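This is what each chain is made of:
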Amino acid sequence: MSLRRARLTWALRALIIAAAVGCICFGALRGETEIVLRKAVRICLECIGVGA
């Protein structure tokens, strides 16, 4: 792999990670963590047969 291609690959990975972190922070600021947690609990309870 050439040095140029390696740098491009590293830059693309860093960009994707930065975008993911930005989306996570945006969702947390909007208060969506509570919604996600509620859905996760509901799904988990349904899997073990306790939920409705």
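Residues numbered from 1 in each chain as written. Predicted model: local features only at pLDDT ≥ 70, side-chain atom pairs only at ≥ 80, totals over all residues. Heavy atoms only, no water.

Q: I keep staring at the environment of Ile16 and nothing clicks. Help me out?
A: Summarising the element assignment, Ile16 is placed in helix 1 (residues 3-29). Ile16 sits 18 residues away from Glu34 along the chain, and the two C-alpha atoms are 25 Å apart. (Helix = DSSP H or I, 4+ residues; strand = E, 2+ residues; numbered from the N terminus.)

Q: Just checking my understanding: could you explain the pattern of salt bridges for this structure?
A: Here the idea is simple: oppositely charged side chains can pair when their charged atoms come close. One pass over the full model with this rule turns up 2 salt bridges. Among the ionic pairs, Glu32 bridges to Arg30, the shortest N-O distance being 3.3 Å. For Glu32, a relative accessible area of 29% corresponds to the partly exposed category. Of the charged contacts, one joins Glu34 and Arg38 as a salt bridge, the two residues approaching to 3.2 Å between their closest N and O atoms. Remark: Arg38 and Glu34 occur in helix 2 (residues 32-47); sequence separation between them is 4 residues, near one turn of the helix. (Salt bridge = Lys/Arg side-chain N within 4 Å of Asp/Glu carboxyl O. Buried < 20%, exposed > 50% of the residue type's maximum accessible area, 1.4 Å probe, protein only.)

Q: I would appreciate a short explanation of helix 1 in the present structure.
A: The periodicity of an α-helix, 3.6 residues per turn, causes residues three or four positions apart to be oriented the same way. Helix length check: helix 1 (27 residues) gives 39 Å between terminal C-alpha atoms against 39 Å at 1.5 Å per residue, within 8%. Across the 27 residues that make up helix 1, only a small minority, 1, are buried. (Expected span 1.5 Å × (residues − 1).)

Q: I tried to follow the state of the cysteines on my own but got confused; where do I start?
A: Here a disulfide denotes a covalent bond joining the sulfur atom of one cysteine to the sulfur atom of another. Following the criterion strictly, the structure yields 0 disulfides and no others. Left without a disulfide partner, Cys25 is nearest to the cysteine sulfur of Cys23, which lies 9.4 Å away. No disulfide involves Cys44; its nearest neighbouring cysteine sulfur is the one of Cys47, lying 6.5 Å away. (Disulfide = S-S within 2.5 Å.)

Q: Got a minute to help me understand helix 2 in this structure?
A: Here helix 2 spans 23 Å end to end across 16 residues, near enough to the 22 Å set by a 1.5 Å rise per residue. In the segment just after helix 2, Gly49 is the residue with positive phi, at about 85°.

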